[in-house]
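# Architecture and fold: a report
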Amino acid sequence: MITAIRIRFLRAALAAGVALTGLLLPAAARAQTTTGSLHGYVRDPRGAPVASADVRLRNVATGTARAATSNQRGYYILLGLAPAEYELTIRQIGASPQTRRVRIAIGTALEADFTLATAAVALRELTVSAAAVETRTSEVATNVTQEQINLLPSADRNFLDLAVLAPGMRLVGDRIDDTRRTVAAGAQGADQINVFIDGASYKNDILRGGVAGQDASRGNPFPRGAIQEYRVLTQNYRAEYQKASSAIITATTRSGGNTWTGFAFTGYQHRGLLAQSVFQRADAIRDTTLRKPDYSRYLTGLSVGGPLIRDRLHLFASYEGNYQNRSSRVNIVPPTGFPALDTVNFASRNGEFGSPFRSNLFFGKLTYARSTRSSFEFSLNTRGEHDIRDFGGLTAFETATRFQNSVTTALLRHQYVGGSWLNEAQVSFQRYHYNPVPATPSAANRFYGFGCCAQIGSNVSNQDFTQGRLSLRNVVTWSGWGWAGSHVVKAGGNVDFLSYDIIKRNSEIPQFVYESWFNDFEIPERVQFQSGDPNFSTNNTQLGLFLQDDWSPTPRLTLNLGVRWDYESGMLNYDYVTPSNVRDSLTAYASRLFIPLDPNRYFTDGSNRSRFLGAVQPRLGFSYSVDRAGRTTVFGGWGLFYDRTLFDQAIEEKFAEQHPSYLIRFRPVGDTDPGRIDWNDSYLTGGKAAVDQLLTGVAANTREVKLLPNDLRPPMSNQFSLGVRQLVGSWALEAAYTGVRSDNTFTFYFANLNFTCPERSFAVAGCFVGNSIPGFGTILFADNAGQTWYNALQLKLDRPFHRATEGLSWGAGLAYNYAKRETQGFNDDFSFPNPADYPRQVRNDERHRAVAHWILESRRAWGLQFSGLATVASGQRLDVGDRFGCPSDRRVVSGTPVCDPPNPLRPGAFTAPTFTNVDLRLRKEFTVTRNRLGLTLDVFNAFNNQNLGCFNTFNPTDVNGRAGCVISDPQRLQVGVDLGF
């Protein structure tokens, strides 16, 4: 829904954008987050610097060119280079020209030195060897190359899956049936990452997942075939990055070249190609009528690129589709002895029902080289997906959700080079739409308390979230300052105009709850629903400024000195006024609260919440080459990073007031309980209109109160690292210590609920107490006192893939992470009941994780390609961040709750909750009329490892074992065909 306010906002933002762009241009194509650079020294045979040498760089694919001149120290630098293969030529009067092939990777600063001689020097190539591997960076970063994107096995072509090649990164929701696919780093969650594609931020400001479109989605954020390469920064010391207190992923997209090329593919899975987990097999033994649910999946795509005007204007376009036909089995079997249940006809709702998923991803880009100094780029991508889900088991198909999700991003960039100056500017617009609604809406939902629990009728919620972002960004780079060495100075900023249009109809469909203990299911015991104004819309402006100096006092030492400042005008409800009845009641009954009430912190009159101006973020780094050849480098750094509070969290206090929850209890005819009302069948058929009528004069439960602190701060982290890199032949070895200390994690504590006995246990009679506040229900105080601690030793060994002209082409790597994760003060958005139950403790702790990958290609072995991705980990300890996670085995060591490792599923089968997964791909390529035809076979979880999870820590005597699920899919096969032309 586009409101008048939003229209005015967009007009004003567009006008500001045009004005600012006019001031910033002459210059934007490539933001600094997605480019690389090339630098080096030109010397004569005696080692003396050669000034005024002509340096020429030509993109092999597109023919576009750049030029530079060496200075008095023989130093040259070329900035803002698109990741690609280049031909580098050095010329000087009196010396023979030299030409090399160099490959510029995203985010890297490649060093290439030359010694000019009078004798002729033949053309030679810089292969991917020690000379072409970047070592001189303070960042802890991993580059994911085009070969890895194209050739490594991928279960669903989500390009972010390969982020695990960086130590410390992990996938969340990596299963066929998972509905939230995200990536996270260290001890922080996925919300704290940020992803940049071609310099445009894909930050999810309103919902979870870190990336726009990833909250509650099983889809991919971007077509994999359109990604050129990307860089994963787990310790990011550059001041140009914003809105992330965890990892940053920056990607660049493919461009068309001077030759028309294309690639088409399809991959197929069927239920016959999927193995079953140990739990599915056990269920089939117990119930011989069970069969594998229907499942099929097609992954298909097409990309094409080429010249519209040779050497000047190029086009690239890509499409990818994900078509899944799956089913879920509904099997509602009510208990016997309840005649009222016999009238519901649960059996008619049983059976297998389709759960289709459709995803379509489009991307198109035009690149225009106006001259050797100026270039333009325009791109547009869209993502649209539909999903029918949230049913099965004891939940009827009619209770399903129809999930609709879309993201559209348009980007215009311009780049201008003038001598030692580089200006990069960009304008982007993005619209993210999140819209889960009932798949089969009806008047009511019926919830039956057997089997925990059966549901029929409509799904209860309807949500419509839209995030609009108009972003303007400009970065100026100057490399002409020669004081005490060489400097590359960057200064720039961004201003983002955002609109958040939220319609949050949570639980508006009445849910009638039937219980066995209440009249044998004959009438509902209660109805629960929300009502009120569901509209929560506002505008927000985000401003960021930074200054960065990459200073090299000597050719072997580089210092990265930077500072960043960020500001938001509408992160919180700054004009919110605490209702007078809330203020009066909590003040009068403050003694009933277990968390002390600070009126100055939690009450606001609409003027005492100031915008946060303290997001000043210094970032320091260094790299030092121990030897002149740069084969051994010591590096390290420290940085301060601010993220942001999610809009969905920031409106919680307003949501509780504006769209409160209600609960009305019923009584059968003849009952006189004063806390209940007489049941009438019209309430069930009349739906929300009928129950809304009951709110006048009916003893509905009192509404919940949520209070946000006036001094709420955005998430923040300190990051620091120290390490060494070593080149050994064509291998690059890196070892580093990395640490992260994060603060300001958001959560709610329950102020009027608590344990009052030392055991803090429900098992002790009278220990758990709920103090009522007249006129209100649950009282929750938000806080941002949550903290995390992360310490890791990270080892990385990498040999980039290089395609040889004959024989074996290969690449391989290993990423190992030894880490300890600790948290304090939070579990999730609602930490029950209060901070006393969440001391500093080990949580989500996986000490060891190793990820290996390899790509082999042999021209002698019929052109076969064999690649793999293997993960071996110690597995996470039980989640003790929730104090109720292991009450049976819980011990206290030095005041900290500790859970013992769980027992195995079967005696002797496992000794620890280990994790192992190996994915393999075999591809055979044929030449058909000068086109390349490939046949592929992917085997995911090739050895069918049963990685156990869902441990039943509440009942150690459970005869079915302590594990209740597997946390990775069993073995799956996928066949495919592709055509390159």
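Residues numbered from 1 in each chain as written. Predicted model: local features only at pLDDT ≥ 70, side-chain atom pairs only at ≥ 80, totals over all residues. Heavy atoms only, no water.

Phe159, Leu162, Met169, Phe222, Tyr230, Val232 and Ile249 are the most contacted members of the largest nonpolar core, which totals 34 residues. Breaking this core down by element, the ones donating at least two residues are helix H2 (146-151), strand S12 (182-185), strand S13 (194-197), strand S15 (227-235), strand S16 (248-253) and strand S46 (848-858). Counting residues per element, this core draws most heavily on S15, which supplies three residues. Once residues lying within four places of it in the same chain are set aside, the contact partners of Val232 are Val140, Ala141, Thr142, Val144, Ala163, Ala166, Met169, Ile248 and Ile249. Ile388, Phe391, Ala396 and Leu694 belong to the second-largest nonpolar core, a separate cluster that totals 32 residues. (Core = buried A, V, L, I, M, F, W, Y, C linked by side-chain atoms within 4.5 Å. Buried < 20%, exposed > 50% of the residue type's maximum accessible area, 1.4 Å probe, protein only. Helix = DSSP H or I, 4+ residues; strand = E, 2+ residues; numbered from the N terminus. Contact = heavy atoms within 4.5 Å.)

This paragraph deals with the pattern of salt bridges. As enumerated under the stated definition, the model contains 61 salt bridges in all. The salt bridge partner of Arg326 is Asp177, with a shortest N-O separation of 2.5 Å. Placement of the pair is Arg326 in strand S19 (residues 313-330) and Asp177 in the loop between strand S11 (169-172) and S12, with a sequence separation of 149 residues. The salt bridge partner of Asp643 is Lys203, with a shortest N-O separation of 3.1 Å. In this pair, Asp643 is assigned in the loop between strand S34 (632-642) and helix H7 (647-650) and Lys203 in the loop between strand S14 (200-201) and S15, connecting sequence segments 440 residues apart. Each member of the pair, Asp643 as well as Lys203, is classed as buried. Among the charged side chains, a network of salt bridges with common partners joins Asp205, Lys243, Arg469, Asp496, Glu568 and Arg644. (Salt bridge = Lys/Arg side-chain N within 4 Å of Asp/Glu carboxyl O.)

A cluster of nonpolar side chains, contributed by Trp260, Leu302, Val304, Leu308, Ile309, Leu366, Phe378, Leu380, Leu412, Leu979 and Phe981, occupies part of the molecular surface with about 930 Å² of accessible area. Secondary structure elements with two or more residues in the nonpolar patch: strand S18 (295-309) and strand S22 (374-389). (Patch = residues over 30% accessible without salt bridge, like charges linked within 9 Å, V, L, I, M, F, W, Y side chains within 5 Å. Areas by Shrake-Rupley, 256 points an atom, 1.4 Å probe, with all protein chains shown as cover.)

Note: α-helices contain 3.6 residues per turn, so residues at a spacing of three or four share the same orientation. Of the positions making up helix H5 (residues 580-588), those classed as buried are Val582, Ser585 and Leu586. The buried side chains of H5 occupy one side of the element, clustering within an arc of 95° when seen end-on. In H5, the exposed positions angled more than 90 degrees off the buried face are occupied by Ser580 and Ala588. (Arc of directions from axis to C-beta.)

What follows concerns the sheet that holds S16. Reading across from one edge, S10-S15-S16-S13-S14 is the order of the five strands in this open sheet, with mixed pairing throughout. Only two strands of the sheet have a single partner each, and these edge strands are strand S10 (140-144) and S14. As paired elements, S10 and S15 share five bridges and run antiparallel to each other. Opposite Thr142, over in S15, you have Val232 as the bridge partner. (Pairing = 2+ DSSP bridges.)

Take Arg170: it is sitting in strand S11. Nearest to the buried, unbridged Arg170 among oppositely charged side chains is Glu846, at 7.3 Å. For Arg170, the side chain forms a polar contact with the main-chain oxygen of Gly186, separated by 2.6 Å. If we skip the residues at most four places from it in the chain, Arg170 touches Val164, Thr182, Val183, Ala184, Ala185, Gly186, Gln188 and Arg821. (Lys, Arg positive; Asp, Glu negative; His and termini not counted. Polar contact = N/O pair within 3.5 Å; in protein donor to acceptor, adjacent residues only side chain to side chain.)

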